[in-house]
Amino acid sequence: MNYYSLNKKAPIVSFKDAVIQGIAPDGGLYFPERISPLPPPFFKNLDQLSNQEIAFTAIRQFVSDDIPDNKLKEILAEVLDFDFPVVPLTDNMGTLELFHGPTMAFKDVGARFMAQCLGYFFEKSEEEVTVLVATSGDTGGAVANGFLGVTGVKVVILYPSGKVSEIQERQLTTLGKNITALEVDGTFDDCQRMVKKAFVDEELKKYRRLTSANSINVARWLPQLLYYLFAFKQVQEKEQEIIFSVPSGNFGNLCAGIVAQRIGMPVRHFVAATNVNDTVPKFMETASYDPKPSTATISNAMDVGDPSNFIRIRHLYDHDFDKLKANLTSYSFTDEETRSAMLSIYKKTGYVADPHGAVGYLGLRRYQESHPETYGIFLETAHPVKFLDTVTSTIGKRLDLPTQIRKVMNKEKHSIKISTYEELKQFLCTA
Ligand SMILES: *Cc1c(COP(=O)(O)O)cnc(C)c1O
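One structure accompanies this document, and this report is about it. Remember, it's a predicted structure, so these values are computed and weren't measured experimentally. (Residues numbered from 1 in each chain as written. Predicted model: local features only at pLDDT ≥ 70, side-chain atom pairs only at ≥ 80, totals over all residues. Heavy atoms only, no water.)

**Overview of helix α4 (residues 69-79)**
Here is step 1: Every buried residue of α4 is listed here: K71, L72, I75, L76 and V79. Down the axis, α4 shows its buried residues gathered within 135° of arc, on one side only.
Here is step 2: Tucked into the core, α4 has its buried residues touching α3 (51-63) and α5 (107-123). (Buried < 20%, exposed > 50% of the residue type's maximum accessible area, 1.4 Å probe, protein only. Helix = DSSP H or I, 4+ residues; strand = E, 2+ residues; numbered from the N terminus. Arc of directions from axis to C-beta. Contact = heavy atoms within 4.5 Å.)

Put into structure tokens, the structure is as follows:
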């Protein structure tokens with residue numbers, strides 16, 4: 001499978017080169033040349049297949065010959081070694097829990113898949129590659145964990161000192177091996193600025209080959225389509241038509257869901273639920289795309305004012321607004337609405353949702369007010385303990401720490417403190 005740049009001013013590349021480059025040289029996002037539907041019996045018989053069999057069939061066309069079949073199977077076995085349960089909440093609603101991975105955030109699958117692909121591409125190479133990432137919390141942990149122990153790849157993570165939660169900091173700083181955490185005296189924006197500067201620093205390129213593990217990378221984006229198939233497998237005997245509500249920030253996850261639909265999975269409709277960062281809900285009202293600076297909320301992994309993957313979604317509908325609107329509805333919700341949803345889900349069903357999942361729930365409920373005949377699934381993208389303070393202060397219940405989290409809390413933190421770009425550069429040139 002080849003990939004082209006959505007800016008159309010860069011050469012067409014293989015899957016391998018799209019993964020290594022991340023973004024095309026003309027600044028565009030890579031997009032597969034073709035999305036081919038799978039035979040309908042595949043979707044009818046999902047419940048007779050293992051998750052790994054489903055994954056191999058669904059993802060193979062996007063990888064094609066760049067990774068041999070037996071290696072791809074091996075990679076998928078490694079990436080998908082945990083559960084993706086749909087927990088029923090009412091007669092017409094369930095939640096797809098995507099947080100059973102090693103860092104308890106849904107980004108684990110994409111980050112691990114990308115790590116395994118890069119590891120394979122560099123396994124036999126003399127060269128080594130360094131993945132450089134800035135994190136405001138969640139992404140860094142998933143990336144660090146995904147790349148842990150992958151040969152030929154080093155990971156350097158920048159995070160803002162004192163501005164990530166204790167659990168998140170432990171997940172970044174206790175791994176060791178090929179992972180180094182740089183604790184930056186500054187904000188997330190400072191970390192991001194330093195990383196961007198490093199990528200265009202010509203002198204630095206003599207010392208290291210740098211790459212990003214950004215969410216626009218095709219190897220992080222595409223495997224997310226598997227979530228929807230795993231969910232569909234569990235609800236396919238339902239008589240109602242299926243809809244998905246996706247709590248969205250950069251819109252990679254939702255876009256992957258639409259790809260699952262394009263390869264033939266029967267889905268009636270998608271709901272994109274956001275917090276007050278409502279660039280997409282506004283677009284769906286006005287057909288005018290006006291990005292803006294992000295606003296901080298309690299569902300902070302979705303605090304995005306200019307969602308990078310939305311361009312892929314528009315492309316999937318040939319930039320035809322009416323076609324898009326027929327398949328996607330979008331709503332935004334305030335922190336107050338999110339907290340009261342967390343409380344009402346808990347009171348009605350005993351289920352503890354995190355703030356991101358609660359935004360997804362709100363989107364689903366609003367859509368179902370006018371479409372009660374559907375069966376809706378909202379995606380739970382993080383375990384509630386990852387947003388412990390918000391969850392406990394909202395529902396007034398203490399949460400037990402799961403084993404994945406308890407394990408890291410007992411480990412010793414290792415970080416290198418830096419405050420300027422020069423210090424980052426020095427580290428990258430000498431370490
Ligand atoms: C990243 C993230 C999201 C948003 O996903 P996108 O693909 O960027 O839309 C939602 N919830 C959590 C917990 C996340 O970490």
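Structure's up, so let's keep going.
**Considering unusual backbone geometry**
Here is step 1: Even without being glycine, M104 reaches a positive phi, approximately 60°.
Here is step 2: Among the structural elements, M104 can be located in the loop between β5 (93-97) and α5.
Here is step 3: With a phi close to 50°, K177 is a non-glycine residue in the positive phi region.
Here is step 4: Inspection of the secondary structure puts K177 in the loop between α7 (166-173) and β8 (179-184).
Here is step 5: Taking relative accessible area as the criterion, K177 reaches 71% and is therefore assigned exposed.

**Examining the sheet that holds strand β6 (residues 129-134)**
Backbone hydrogen bonds hold the strands of a sheet together, and the pairing may be parallel or antiparallel.
Here is step 1: Strands sit in the order β9-β6-β7-β8-β14 across an open sheet of 5 strands; the sheet is parallel. Two strands close off the open sheet at either side, each with one partner strand: β9 (209-211) and β14 (416-418). Along the sheet, successive strands turn relative to each other by an average axial angle of 30°, direction set aside.
Here is step 2: Sheet analysis places β8 next to β14, joined by 3 bridges and oriented parallel. Bridge assignment links V184 to a residue of β14, and that residue is I418.
Here is step 3: Of the strands in this sheet, β6, β7 (153-160) and β8 are in contact with helix α6 (residues 138-147), which crosses β7 at around 160°. (Pairing = 2+ DSSP bridges. Axes fitted to C-alpha atoms, helices over the stretch in contact; angles between N-to-C directions.)

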